[in-house]
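# Reading the structure
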Amino acid sequence: MAESNTDTKSSNQMWGGRFASGPDAIMEEINASIGFDKKLFAQDIRGSVAHATMLAHQGIISPDDKDKIVHGLNTILSEIESGNFEFSRRLEDIHMNIEARLATLIGPAAGRLHTARSRNDQVALDFRLWVKEELEKTEKMLTGLIAAFLDRAEEHAESVMPGFTHLQTAQPVTFGHHCMAYVEMFGRDRSRVRHAIEHLDESPIGAAALAGTGYPIDRHMTAKALGFREPTRNSIDTVSDRDFAIEFLSIAAITGMHLSRLAEEIVIWSTPQFGFVRLSDAFSTGSSIMPQKKNPDAAELVRAKTGRINGSLVALLTIMKGLPLAYSKDMQEDKEQVFDAAESLELAIAAMTGMVRDLTVNTARMKAAAGSGFSTATDLADWLVREAGLPFRDAHHVTGRAVALAESKGCDLAELPLADLQAIHPDITDKVYDVLTVEASVASRKSFGGTAPSEVRRQIAFWRARN
Ligand code: ARG
């Protein structure tokens, strides 16, 4: 019962002045964020050290109190890092847990740390610092994934495989070219990460509760000390903005979508029916009942993690969309979404990087598949345009008849006798067989960005210089 509960509780030591009793147990449970925001301890302490140093520099607190505060905060940092810190749910969040411990360690000087700031700008700062570090980590991980693809692309610049549209064999391509498609995708993701770092590179501390402060603080000093380009410009926006977290989640969702498409391809390619690639033992699992099986579990889980990441993005967009300016407690729910998505994204990038580096490519199988399904039909049509002077539409029609004939005979285009081809169009000569092989097909596609090995090598050189 709420009433009897209150008897046993003292009011909160941070704002107790106005409160006669402490919170109901349910209030404490719904209100507390320490269970997840303890992850922000290092950022919180860095922020407080920078803030206290600035307060002393501006003559707002004494150098002596500043020294006590900084010393106490460093002690707390090592207590938390070594697992010797007792987090308390009654103290709600990481900010108040640290401040309460500081008071125990250094006494009254601790009470001066919160001068000219609020938990609203404090949490905006801590979370921004955390997201910035996570973005920097993501950038590095994407660079690793791109490097893995560049190596595989180089190795397989000439390996022919079927290129698909509608998952139907379309035209022969090289495996190197296909790998480079992923390099473009993850390259775009990485540039989104870099832009996001640029966007969030503004320091929130000093916005205070929402209106700024009357103390003569120096926000440029704290911004510099914390590694930000500059301070934010509007204190109301500063404490009500979570765009940086939403941008992180959008990038995670887009990157996750790319990783999931790759995972899906690996699942398809590693089936016995396709047999294009074989996963290493390190990135597959067996079946407890079917001894012949080797399952692409890691790829499937990467595909599934995308669902969680998308969920986090939608959750935070929904949390934010109805909030009046400035801060509302709803915003406390931002962190779990970002932490969960960050963990999923890191795992997914690491797993795909390992899989790409380790997988064995069955080039013979890919080449055989590349030649089936009349994949060089376009090459025959192009030959008729080039060598026999037909308009492309007519050449397409003639080729269609050749494909129908080969299909009825149960053979490939290259296996049709010359007499059969000449019966369809008299200008066809035996030179046509030169373009009907898959190697000739890919080698001819030298247009910028095309699948010819020479073009793929040019693409690789472009990205090597940028990775
Ligand atoms: N734990 C809170 C959060 O994560 C800190 C800010 C609290 N501010 C407030 N006005 N109650 O958002």
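Placed above this text is the structure.
Residues numbered from 1 in each chain as written. Predicted model: local features only at pLDDT ≥ 70, side-chain atom pairs only at ≥ 80, totals over all residues. Heavy atoms only, no water.

Time to look at the pattern of salt bridges. Applying the stated criterion across every chain, the model contains 34 salt bridges. Between Arg308 and Asp340 there is a salt bridge; the shortest N-O distance is 2.5 Å. Residue Arg308 is found in helix H12 (residues 297–321), and its partner Asp340 is found in helix H13 (residues 334–358); the two are separated by 32 residues along the sequence. (Salt bridge = Lys/Arg side-chain N within 4 Å of Asp/Glu carboxyl O. Helix = DSSP H or I, 4+ residues; strand = E, 2+ residues; numbered from the N terminus.)

It is worth spelling out the side chain of Ser48 at this point. With respect to the helices and strands, the residue Ser48 is situated in helix H4 (residues 41–57). Within the structure, Ser48 has its side chain in polar contact with the side chain of Arg117 (distance 2.9 Å). Not counting residues within four places of it along the chain, the set of residues in contact with Ser48 comprises Leu73, Leu113, Arg117 and Gln122. (Polar contact = N/O pair within 3.5 Å; in protein donor to acceptor, adjacent residues only side chain to side chain. Contact = heavy atoms within 4.5 Å.)

Closest axis-to-axis distance for the helix H11 (residues 243–269)/H12 pair is 8 Å, and the angle between their directions is 160°. Between H11 and H12, the angle falls in the class roughly antiparallel. The handedness of the crossing between H11 and H12 comes out as left-handed. (Axes fitted to C-alpha atoms, helices over the stretch in contact; angles between N-to-C directions. Parallel < 35°, antiparallel > 145°, perpendicular 65-115°, else oblique. Left-handed = near helix turned anticlockwise from the far one by under 90°.)

Within the fold, His396 resides in helix H16 (residues 392–409). Placed 352 residues apart in sequence, His396 and Asp44 show a C-alpha to C-alpha distance of 67 Å.

This brings us to the site of the ligand. Around the ligand, the neighbouring residues are Ser33, Asp37, Asp93, His95, Arg119, Asn120, Val123, Tyr327, Gln332 and Lys335. Take Asp93: an N or O atom from its side chain is 2.9 Å from a nitrogen atom of the ligand. Contacts to the ligand include Lys335, whose side-chain N or O atom sits 2.6 Å from an oxygen atom. Contact with the protein chains covers 86% of the free accessible surface of the ligand, which is 340 Å². Per-element tally for the shell around the ligand: the top contributor is helix H7 (residues 119–155), with 3 residues. For the shell around the ligand, a count of residues per class yields 2 nonpolar, 4 polar and 4 charged. (Near = heavy atom within 4 Å. Areas by Shrake-Rupley, 256 points an atom, 1.4 Å probe, with all protein chains shown as cover. Nonpolar A, V, L, I, M, F, W, Y, C, P; charged D, E, K, R; others polar.)

The phi angle of most residues is negative, glycine excepted, and most peptide bonds adopt the trans form. The omega torsion across Leu325 and Ala326 is 5°, close enough to zero to call that bond cis. Among the structural elements, Ala326 can be located in the loop between H12 and H13. Positive phi outside glycine occurs at Glu92, with the angle close to 70°. One can find Glu92 in the loop between helix H5 (63–81) and helix H6 (94–106). Here the phi dihedral of Leu167 falls at roughly 60°; this positive angle occurs in a residue that is not glycine. Mapped onto the elements of the fold, Leu167 is located in the loop between strand S1 (160–165) and strand S2 (168–174).

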